[in-house]
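# Structural features, examined
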Amino acid sequence: TKENRLRGSCRTLFAAGLFFILAFPAQAARVPIAEVILPIANQEGSAAAIGQYLHLRKTAPNEYDFSEAQLNAVAYRLLQNKKADEAIAIFELNIAMFPRSANAHDSLADAYSRIGDTASAKSEYLRALSMLDRGDAAPSARSAAFLKANIRRQLQRLHRYPIYETLVGVYRTDDGRSISISIAEPNFGATPPMLRLTELPSGRVRNLHDRSEWLYVAGPTLDDKSPVQLRLEFRIGDDGRASSVTITEGSSVARAARIATPNAERVIFRSGIAELDGTLSLPSGGGRHPAVILVHGSGKATRDTPGFGELANFLVGEGVAVLRYDKRGWGESTFGDTVYPFLDDLARDAGAAVRYLRSR
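This paragraph deals with the environment of Ile95. Among the secondary structure elements, Ile95 is positioned in helix H5 (residues 84–97). When near neighbours in sequence (up to four residues on either side) are disregarded, Ile95 contacts Ala104, His105, Leu108 and Glu124.

This is the structure:
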């Protein structure tokens, strides 16, 4: 019958598949080359790591995974451990090995951006974007679209940050309110940066949308652009930074002068072999003060995570010292010996922050 013939065909296919599996055993997984050259790069530098990579690629091409992703993993780990020169050398090796990869140029641009070489970063981002536009540099349309979107976000960061950094700070209005202007960049680059206004003591928060370099507007809720309810026009001082801002809300106009930021010092403390970089903000005056530590949640984050700076400014004004630090692996903090930080790692970091404050 038709049913019997179908069963017979299925048995034949199964037998053929089983024969194929038994006749051709799976090859042993190749060793990730990152496991070999990352320790060398950390201990002896990038030149030694590159030498070993090229030697093994020539003498044992089938024993190791020499993929682009392996080199990228090594370079990013070096970058996150504050070894920018070694990281850039590995990124450049990746470009030499995979010259048609837009992602390799994008990664090198990330490194240049991290060390503040804006011109080189822009050049590499634009080169990667050009490769993607030609359609010859990504394995799929989906990955190309993702990479293009990321590159455009990073170009926006490079364009906006020099402008935004001149405007951030705390301003005191003529009617006694404090206005904090900060850079908001949720998840450390997942979205383009923008300016955020926090009013104290009310706690009202608005994202600011640029109309020009010095003119910004805000709508009725956090991210609304319209209807416009707030209009901020900054005045730039002789030092190139904003000295004051005029805030128009309906028929009300307030002028806010920039005030000195709280007494803040850069601090570095260790959690195991991870080096955590942070800022300790102190109230004015001598004596002892209560203190708090701002601890991160999930995602990529730094001491300037939206809300951290504003909360620190507010608490310092109330006589409370505040310690905030870059999450391990981001900003200026290193990963230490963890590939990915888990809850236990982050808990140890918070404990290290407590011990550091007690030492003060």
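A few words on the packing of aromatic side chains. Summed over the entire model, instances satisfying the criterion amount to eight aromatic pairs. Plain terms: the ring middles of Phe269 and Tyr356 are 5.6 Å apart, the flat faces sit at 20° to each other, and that makes the pair stacked. Of the two residues, Phe269 is situated in strand S11 (residues 263–271) and Tyr356 in helix H10 (residues 343–359); the sequence distance between them amounts to 87 residues. On the basis of relative accessible area, Phe269 is assigned to the buried category, the value being 5%. Feature note: the residues Tyr164, Tyr171, Tyr216 and Phe234 constitute an aromatic cluster, connected by ring pairs.

Attention now goes to the sheet that holds strand S7 (residues 215–218). Reading around the circumference, S3-S4-S5-S6-S7-S8-S9-S10 is the order of the eight strands in this closed barrel, with antiparallel pairing throughout. Neighbour to neighbour, the strand axes of the sheet diverge by 30° on average, direction disregarded. Direction of pairing for S7 relative to strand S8 (residues 230–236): antiparallel, over a ladder of four bridges. Residue Leu215 lies in a different strand from S8, and its bridge partner there is Glu233.

Attention now goes to the pairing of strand S9 (residues 242–249). Pairing between S8 and S9: six bridges, direction antiparallel. What sits directly across from Arg231, in S9, is Thr248. Between the antiparallel neighbours S8 and S9 lie five residues, among them Gly240 with a positive phi of about 85°. Of the pairings in the sheet, the one linking S9 to strand S10 (residues 252–259) comprises six bridges and is antiparallel in character. Bridging from a neighbouring strand, Thr246 pairs with Arg255 of S10. Taking the residues between adjacent antiparallel strands as the criterion, S9 and S10 are bridged by two residues, where Gly250 takes a positive phi near 65°.

Cut-offs applied
- Residues numbered from 1 in each chain as written.
- Predicted model: local features only at pLDDT ≥ 70, side-chain atom pairs only at ≥ 80, totals over all residues.
- Heavy atoms only, no water.
- Helix = DSSP H or I, 4+ residues; strand = E, 2+ residues; numbered from the N terminus.
- Contact = heavy atoms within 4.5 Å.
- Phe/Tyr/Trp six-rings, centres within 6.5 Å; stacked < 30°, edge-to-face > 60°.
- Buried < 20%, exposed > 50% of the residue type's maximum accessible area, 1.4 Å probe, protein only.
- Pairing = 2+ DSSP bridges.
- Axes fitted to C-alpha atoms, helices over the stretch in contact; angles between N-to-C directions.

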